Amino acid sequence: MSQSGLTADHGVSWPSNGISEVPFRVYTDQAQYDREQERLFQGPTWNYLCLAVELTKPGDFVSTTIGEAAVIVVRDQAGAINAFVNRCVHRGNLLCLERQGNVKEFGCIYHGWIYNLTGQLTGVAFEHGVQRQGGMPSEFRKEDHTLRRLRVAELGGLVFGTFSDSTPDLESWLGEDVTRGLKRVMNRTPTLLGRNTQILPNNWKLYFENVKDTYHASILHLFLTTFRINRLSMPGGIFINRDGGNHYSFAKLDYAAEDADYKDAGLRSDSEFRLQDGSVVESVDEYGDGVSVQILTIMPGMVLQQVRNTIAVRVIRPRGVDRTELEWIHLGFDTDDEAMTERRLRQGNLIGPAGYIAMEDGCIGGFVQRALQYNDDGAGIVMMGGHEAESQSFRASEAAIRGFWKHYRALMGD
Amino acid sequence: MDDLAIRLGVQELIGAYAETIDEDRLEEWPDLFADPCRYLVISRSNHEAGMRQGVMYAASQGMMLDRVFSIRRANLFEPHRYRHVIGPIRFKGMDGAVACVHSHFIVVRVMGDGATSLFATGRYLDRIDTSGGAYRFQERLVVLDSDRIDTLLAIPL
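Remember, it's a predicted structure, so these values are computed and weren't measured experimentally. (Residues numbered from 1 in each chain as written. Chains lettered and ligands numbered in written order. Predicted model: local features only at pLDDT ≥ 70, side-chain atom pairs only at ≥ 80, totals over all residues.)

Considering the overall build of chain A
Point 1. What chain A contains, in helices and strands, is 10 helices and 19 strands.
Point 2. Whereas a compact globule of 414 residues would reach a radius of gyration of roughly 22 Å, chain A reaches 24 Å, a difference of no more than 12%.
Point 3. Across the 414 residues that make up chain A, the buried fraction comes to 44%.
Point 4. Nonlocal contacts in chain A, meaning residues at least 24 apart in sequence, comprise 64% of its contacts between residues at least 6 apart. (Helix = DSSP H or I, 4+ residues; strand = E, 2+ residues; numbered from the N terminus. Rg over C-alpha atoms; globule rule 2.2 N^0.38 Å. Buried ≥ 20, exposed ≤ 12 C-beta atoms within 10 Å, placed from the backbone. Contact = placed C-beta atoms within 7 Å.)

Re the overall build of chain B
Point 1. Along chain B, the regular secondary structure elements total 3 helices and 8 strands.
Point 2. Along chain B, helices and strands appear, N-terminal first, in the series α-β-α-β-α-β-β-β-β-β-β.
Point 3. For 157 residues, the compact-globule estimate of 2.2 N^0.38 gives 15 Å, and the C-alpha radius of gyration of chain B, at 15 Å, lies within 12% of that figure.
Point 4. Along the longest, intermediate and shortest principal axes, the C-alpha atoms of chain B span 45 × 30 × 25 Å.
Point 5. Here chain B holds 157 residues, and 35% of them are scored as buried.
Point 6. Sequence separation of 24 or more characterises 57% of the internal contacts of chain B that already satisfy a separation of 6 or more.

A few points about the sheet that holds strand E16 (residues 302-307) of chain A
Point 1. Pairing is mixed in the open sheet, where 8 strands are placed in the order E13(A)-E14(A)-E15(A)-E16(A)-E17(A)-E18(A)-E12(A)-E8(B). Only two strands of the sheet have a single neighbouring strand rather than two, namely strand E13 (236-240) of chain A together with strand E8 (148-150) of chain B. The sheet shows a mean angle of 15° between the axes of neighbouring strands, taken without regard to direction.
Point 2. By the bridge criterion, 6 bridges tie E16 of chain A to strand E17 (residues 310-318) of chain A in an arrangement that is antiparallel. Considered in E17 of chain A, the bridge of Gln 305 of chain A is made with Ala 312 of chain A.
Point 3. Packed onto the sheet, helix H10 (residues 399-412) of chain A meets E13 and strand E14 (247-252) of chain A and runs at close to 5° relative to E13 of chain A. (Pairing = 2+ DSSP bridges. Axes fitted to C-alpha atoms, helices over the stretch in contact; angles between N-to-C directions.)

Describing the interface of chain B and chain A
Point 1. Between chain B and chain A, the contact holds 29 residues from the first and 32 residues from the second.
Point 2. Contributing elements (two or more residues each) for the side of chain B that touches chain A: strand E2 (56-58), helix H3 (61-73) and E8 of chain B.
Point 3. For the side of chain B that touches chain A, the element with the most residues is H3 of chain B, which contributes 6 residues.
Point 4. Considering only residue class, the side of chain B that touches chain A consists of 14 nonpolar, 8 polar and 7 charged.
Point 5. In the sheet, strand E12 (residues 190-200) of chain A pairs with E8 of chain B via 3 bridges, with the strands oriented parallel. Note on E8 of chain B: the bridge partner recorded for Gln 198 of chain A is Ile 149 of chain B. (Nonpolar A, V, L, I, M, F, W, Y, C, P; charged D, E, K, R; others polar.)

Quick notes on the domain arrangement of chain A
Residue and element names in this part refer to chain A.
Point 1. You can read the domains of chain A as domain 1 (47-152) and domain 2 (176-412).
Point 2. The gap between the C-alpha centroids of domain 1 and domain 2 is 36 Å.
Point 3. In this assembly, 7 residues from domain 1 lie in contact with 9 residues from domain 2.
Point 4. Residue contributions to the side of domain 1 that touches domain 2 peak at 3 residues, all from strand E2 (residues 47-51).
Point 5. Across the side of domain 1 that touches domain 2, the residue classes break down as 3 nonpolar, 3 polar and 1 charged. (Domains from an automatic or database assignment.)

Observations concerning the confidence of the model for chain A
Point 1. When the pLDDT values of chain A are averaged, the result is 92; 94% of them are 70 or greater.
Point 2. Contacts from residues 1-8 of chain A, a stretch scored under 50 in pLDDT, to residues over four places away or in other chains number 12 contacts. (pLDDT = per-residue confidence, 0-100.)

Things to note about the pairing of strand E1 (residues 33-43) of chain B
Residues and elements named next belong to chain B.
Point 1. Sheet analysis places E1 next to strand E7 (residues 136-144), joined by 7 bridges and oriented parallel. By the bridge assignment for E7, Leu 40 is matched with Leu 141.
Point 2. As paired elements, E1 and E2 share 3 bridges and run antiparallel to each other. Among the inter-strand pairings, Leu 40 is bridged to a residue of E2, identified as Tyr 57.

Notes on the environment of Tyr 110 of chain A
All names here are of chain A.
Point 1. Checked against the element boundaries, Tyr 110 lands in the loop between strand E7 (106-107) and strand E8 (114-115).
Point 2. Residue classification places Tyr 110 among the partly exposed residues on the basis of 14 C-beta atoms within 10 Å.
Point 3. Sequence separation of Tyr 110 and Trp 14 is 96 residues, and the distance between their C-alpha atoms is 46 Å.
Point 4. When residues no more than four places from it in sequence are discounted, the contact partners of Tyr 110 are Cys 88, Arg 91 and Asn 93.

Remarks on helix H1 (residues 30-41) of chain A
Turn by turn, an α-helix covers 3.6 residues, leaving residues three or four places apart pointing in a common direction.
Residue and element names in this part refer to chain A.
Point 1. Spanning 12 residues, H1 covers 15 Å between terminal C-alpha atoms, matching the ideal 16 Å at 1.5 Å per step.
Point 2. Looking only at H1, the buried set comprises Gln 32, Tyr 33, Arg 35, Glu 36, Arg 39, Leu 40 and Phe 41. One face of H1 carries all of its buried residues, which in axial projection span an arc of 165°. (Expected span 1.5 Å × (residues − 1). Arc of directions from axis to C-beta.)

As structure tokens, this is what we get:
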């Protein structure tokens, strides 16, 4: 039986109860995609909404989506952050068309229905008719109508929302390790450096898996090895929460040794393979713990990255079975001086749609999607580092991908 | 130097820029810039909000050479080429020996298999140093109309 009665319960069939073989049809099946919207994005999960600093004053709002569903986030007169669906109760029109702004209330342009900043219906145009003709029936009460509310939580200056009443509180959801990882990066008040959106020609899960895939990094992304950066051994590891869908991986770097190593570059015969301008990787240990890369994911669609001194939130928004919007939200902190901002901007070349160590991730999912076109029988192999989804002290592993599928199957009921 | 000669020199540089990229002579691309310089591909929404984060950024010829070398030797992506179509050049005035000019563009992307699509539209906001023998970009802001990039941005716009 379907949990909601809205979509078929029989999804893609899995080859086993395991999580180390993934049926290719999960990336191509429309019914599966529809179920994901209902059970993952609108299910008991926490989804990134916006930065708290985007909502400083009462009436400041951001309109966004969770999965495909349009939502509004707004700070009300009492200072609380509210989130609700961006859909007028009357005829279902989009209430808010702008991406960001400040309002006293939300008014639907279609028939002039008005909502306050908590989502309560407060006005209906011609409610009592015109010259006593027409109007709403006497039993209609505005107080009975409110925009569908989401629960909201905030952590480290990031605002999250969930459609479900049964989602555990945010920190329980993240788990102790991932909460710690998030707080580590977001340890100051963030400032917005800018955004970019990348359109990926593939199913959203192929990108989310890619972010959790610590195995591919040095194989697909050749920039660092080509320019002989990071040859020093980098201790690191992977933390995966109990449910499996939230994780962070990290690697340390001997910043001083790299600096000295690079300063010798001019003396070497291999300088052809050296950066002409090293400022793209010149980093400072801003967290004081030697960690140069920390990639953190939150089920079902958020990434928080620290790659050297680039800090970014990435939001994964499905737009059809084979299309995904990936938004990059580039951050600094209110303690940054001009030198730090310039450092982040120069290192920004490493990440994003043109990123030296990221651009391949923009096309690799599309290559997989193309290969699966009417060729999606069988299952992929996700066994590097074993069959389980446990935290590990090494990174040549697909454990975090297995974690994703563990949580995915539990939420989907597959 | 008279106004007309400067306009011709500016037009030549802007034409050479498109030709250098579209004809895949990327190694010559940094030569069109002064050193240091500022080359930034940025969305209009970021630019108009006063934010500085772009998609691609170089502050020196060295950073541009590294970009070209990385495209040629390190980064993996489907082969493709661009065709720039540059609109009329608007001359905004001189700042000493620096000419301030704006132009608009569309860039069509042609994949190896021939698939052709409109990839980017926007404006070039240029500051061009006219003091040397050859004109050079001191600053080229590539302001994209959309903040969406299809798949990836490898080759500079």
